[in-house]
Amino acid sequence: MHDLSLTTVWSRAFVDELARLGVGNVALAPGSRSTPLVMACARDDRFQIWTHLDERSAGFFALGIGKDTGTPCVVITTSGTAAANLFPAVIEAYQSGVPLLVLTADRPPLLRGTDANQTIDQSKLYGSYVKSHFEVGEPKWRDLERLRTIACRAYLGTQSPNSGPVHVNLAFEKPLEPQETEASIGQEPEGLLGHNGRPKGRPFVSVVPTEVSIPLTEMVEIQELIERSTRGLIVAGGGLKTEDLGEQIDDLSQTTGFPIIADPLSGVRFGHSGKNLRVNRSHLICGHARLRELLRPDLIVRIGSTPISETVSTFLQECSDVSQVVISAANNWDDHLAVSSHYVPADEKSVLEILNGLIEERAVATEWKQDWKKFDKAIEDVLAGNTERYFEGNITRMIGALVPSNSALFVSNSMPVRDLDVFGSDRPDALEVYGNRGASGIDGIVSTVAGIAGSREGRLKDRDLSKEACGTSVVAVLGDVAFCHDMNGLMTIAKYKLDVLMVVINNDGSGIFHKLPIRDYDPEFTAYFTIPHGLEFEAAAQLYGITYRKVAESSQLFECFSELIMEKGPKILEVQVDQDWNWRCHREIVREVNKKIEELL
């Protein structure tokens, strides 16, 4: 057989195995060395291929698909710095526990360390930010079965026991273009198991995700802690992924009578889950020192990562002498505060199912629950009385209330996710809320939103639902700096006509720094931290042919948002605000809240 066909067979075998495992999405940017992988995917109708001009955008797009589906999207790059541009998305995937499968094409190993064009050392390029790394040597006929096994191991690595990114580096020699096998050759590699794979479309290795087994004695110890508690508290952090985890948290709250502090990304902040005992104003409650002392618990059960609120973190730290149980399946240690007394590194849903089966319904001190709800309602009354103020907190509050229940909401770093936490209004129906809180960067936000939107549109088609019945797929609230940082993502949104409404809050710079003491050090504060840019974004919308509107007051915002949410395709709504006015409104409302708390103490 002519060896020129080996690279083609090799690449097809690898991607065939991924398709058998259930991988259906591929994000890629153009390049030469990745040609064998790209062509193998392009000629396999089991894949939906999403093309990008920018590798960083492709990486975050794949991240968005992984967030929405729980299944890794493959992202393919050519060699050199193209592979390095995936690093931010890889870090976010690792930190937030999102499945991602990175395939980087490489030059032959003998060219590393030389002046060969577009050649860098790609072995373990992403360091400790991938769960597994596979260095696949140059193609060999005898290794096809091992190659299929590596595909299975790579897929499993993205899933179990904790989700995350996996890197496979594949070296290719020229020619890179498809070369078909010659049927007349007597050796007939088509008969080899490694060439064809297992019969009936079965994966080469049956992949069974592992679960961490928790000793019953440990669960009984936690059960006893809970049953002894009369002032227990549940803290639901961000990044909780399973759809019915909210029900398990709700069941634990109803059985124990423990109030729930719910992060906006927890999946239980909005809708019916935990509604009777959910605390929506935890940030402002925990911002008051005397109230923190009054509401001091005797047990804290924390599920998932530490909440975004810095005042809630302060509260947890001040309760360091209280038993704190952390249940988390994260890749990192989800207790940077070092306050946990019991740490359960396992699937949150599985642990809660066990606990809910062990714990009998019991009565918690009535005044304990009543105090939390009393202050929660009082603070909500203050916020509701300030809704006429036009500033970022109320902008996010309004949007969070207006997003249709069949759409998803993405809140960006730095201020939007915090504003949703502090000011977001309660709503009777559930709302899927996404964010990139693993590393909390502002890079790749637009592309992540595009990935979520693309994935959701595919899911809607699978459920045979019309776009008209589903409304806009994703509403994204992001700041002007995050928008500027990833305008390449607009190309993907426009190219695939994704149903995305981007609400860009333009405060002319990095408004979050007003929350820090450095704000008192002008002119350096303005020159080196907020860095005003003076940009408006109508031209960016025109460049990509995206519908654009601009507003500068509340009534306009309500009207424009209500109109745009009904339109199909990509939309940008620019909301202009003033940084100084925004900071002033924040301070005045917090003072009013604290005054109300003092009246009730």
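Residues numbered from 1 in each chain as written. Predicted model: local features only at pLDDT ≥ 70, side-chain atom pairs only at ≥ 80, totals over all residues. Heavy atoms only, no water.

### Some remarks on the packing of helix α1 (residues 6-20) against helix α2 (residues 35-42)
Inference 1: Between α1 and α2, the least distance of the axes is 9 Å, while the angle of their chain directions is 55°. With respect to α2, the axis of α1 lies oblique. You can see that α1 and α2 cross each other, and the crossing is right-handed. Between α1 and α2, the residues in contact are Thr7, Ser11, Arg12 and Val15 and Pro36, Leu37, Ala40 and Cys41, respectively.
Inference 2: Here the residues of the contact of α1 with α2 sort into five nonpolar, two polar and one charged. (Axes fitted to C-alpha atoms, helices over the stretch in contact; angles between N-to-C directions. Helix = DSSP H or I, 4+ residues; strand = E, 2+ residues; numbered from the N terminus. Parallel < 35°, antiparallel > 145°, perpendicular 65-115°, else oblique. Left-handed = near helix turned anticlockwise from the far one by under 90°. Contact = heavy atoms within 4.5 Å. Nonpolar A, V, L, I, M, F, W, Y, C, P; charged D, E, K, R; others polar.)

### Section: the layout of surface pockets
Inference 1: Considered as a void within the structure, the second largest pocket measures approximately 390 Å³ in volume.
Inference 2: Looking at the lining of the second largest pocket, the elements that each hand over two or more residues are α10 (282-286), α12 (310-318), α16 (415-423) and α24 (579-600).
Inference 3: Broken down by element, the lining of the second largest pocket gets its largest block of residues, six residues, from α16.
Inference 4: The residue inventory of the lining of the second largest pocket, partitioned by class, reads seven nonpolar, six polar and seven charged. (1 Å grid on protein atoms, 1.4 Å probe; cavity = no way out; pocket = protein on both sides within 12 Å on 5 of 7 lines; lining within 4 Å. Points joined across faces, edges and corners; volume = space filled by probe spheres on them.)

### A word on unusual backbone geometry
Inference 1: Here the bond from Lys174 into Pro175 is cis, since omega is 5°, no more than 30 degrees from zero.
Inference 2: Positionally, Pro175 belongs in the loop between β6 (165-171) and α7 (193-196).
Inference 3: Note the cis peptide between Asn413 and Ser414, where omega equals 15°.
Inference 4: Despite not being glycine, Lys200 shows a phi value in the positive range, around 65°.
Inference 5: Relative to the elements of secondary structure, Lys200 occurs in the loop between α7 and α8 (216-228).
Inference 6: Taking the relative accessible area as the measure of exposure, Lys200 reaches 84% and is therefore exposed.
Inference 7: Even without being glycine, Lys497 reaches a positive phi, approximately 50°.
Inference 8: Position of Lys497 relative to the elements: it lies in the loop between α20 (489-495) and β16 (500-506).
Inference 9: A relative accessible area of 58% places Lys497 in the exposed class. (Buried < 20%, exposed > 50% of the residue type's maximum accessible area, 1.4 Å probe, protein only.)

### Things to note about α2
Inference 1: When you tally the buried positions in α2, you get six out of eight residues, the bulk of the element.
Inference 2: Packing partners of the buried residues in α2 comprise α1, β1 (25-28), β2 (48-51), β3 (73-77), β4 (100-106) and β6.

### Considerations on the environment of Trp368
Inference 1: As for its position among the elements, Trp368 is in helix α14 (residues 366-384).
Inference 2: Assessed through its relative accessible area of 0%, Trp368 is described here as buried.
Inference 3: Placed 74 residues apart in sequence, Trp368 and Leu294 show a C-alpha to C-alpha distance of 9.6 Å.
Inference 4: Discounting residues that sit within four places of it in the chain, Trp368 has contacts with Thr230, Arg231, Gly232, Leu233, Pro259, Leu295, Arg296 and Pro297.

### Describing the side chain of Asn386
Inference 1: Here Asn386 is to be found in the loop between α14 and α15 (392-402).
Inference 2: Beyond its immediate stretch of four places on either side in the chain, Asn386 contacts Asn394, Ile589 and Glu592.

### Notes on the pairing of β6
Within a regular beta strand, the side chains point alternately toward one face of the sheet and then the other, so they alternate between its two faces.
Inference 1: Counting buried residues in β6 gives seven out of seven residues, a clear majority hidden from the surface.
Inference 2: Here β6 shows two buried faces, one formed by Pro165, His167, Asn169 and Ala171 and the other by Val166, Val168 and Leu170.
Inference 3: Across seven bridges, β4 lies against β6 in parallel orientation. The residue of β6 that forms the bridge with Leu103 is Val168.
Inference 4: As paired elements, strand β5 (residues 132-136) and β6 share five bridges and run parallel to each other. (Pairing = 2+ DSSP bridges.)

### Brief notes about empty space enclosed by the protein
Inference 1: Summed over all chains, the structure comprises two cavities of 30 Å³ or more.
Inference 2: Estimated volume of the second largest cavity: approximately 40 Å³.
Inference 3: Lining the second largest cavity, in full, are Thr8, Arg12, Thr35, Pro36, Met39, Ala40, Leu176, Glu177 and Pro178.
Inference 4: Those elements that place two or more of their residues in the lining of the second largest cavity are α1 and α2.
Inference 5: With four residues, the top contributor of residues to the lining of the second largest cavity is α2.
Inference 6: Across the lining of the second largest cavity, the residue classes break down as five nonpolar, two polar and two charged.

### Some words on the sheet that holds β6
Inference 1: What the six strands build is an open sheet, ordered β2-β1-β3-β4-β6-β5; its pairing is parallel. Single-partner strands in this sheet number two, and they are β2 and β5. This sheet shows a mean twist of 20° between the axes of neighbouring strands, independent of strand direction.
Inference 2: Where β1 and β2 come together, four bridges link them in parallel fashion.

### Looking at a negative patch on the surface
Inference 1: Taken together, the side chains of Glu218, Glu221, Glu224, Glu227 and Glu360 define an acidic patch exposed on the protein surface.
Inference 2: Residue position: Glu218 is located in helix α8.
Inference 3: Judged by its relative accessible area of 39%, Glu218 is partly exposed. (Patch = residues over 30% accessible without salt bridge, like charges linked within 9 Å, V, L, I, M, F, W, Y side chains within 5 Å. Areas by Shrake-Rupley, 256 points an atom, 1.4 Å probe, with all protein chains shown as cover. Salt bridge = Lys/Arg side-chain N within 4 Å of Asp/Glu carboxyl O. Lys, Arg positive; Asp, Glu negative; His and termini not counted. Charge placed at Lys NZ, Arg CZ, Asp CG, Glu CD.)

### Here we look at the sheet that holds strand β13 (residues 408-411)
Sheet strands line up and pair through hydrogen bonds in the backbone, either parallel or antiparallel.
Inference 1: Strand order in the open sheet made by the six strands is β14-β13-β15-β16-β18-β17, with parallel pairing throughout. Only two strands of the sheet have a single neighbouring strand rather than two, namely β14 (432-434) and β17 (547-551). Ignoring which end each strand starts from, the neighbouring axes of this sheet average 20° apart.
Inference 2: Note: strand β15 (residues 474-479) against β16, six bridges, orientation parallel. For Val477, the partnering residue across the bridge sits in β16 and is Val503.
Inference 3: Contacts between α15 and the sheet are confined to β13, β15, β16 and β18 (571-576), with β16 contributing the most and set at about 170° to the helix.
Inference 4: Sitting on the sheet, α16 is in contact with β13, β14 and β15, with an inclination near 120° to β13.

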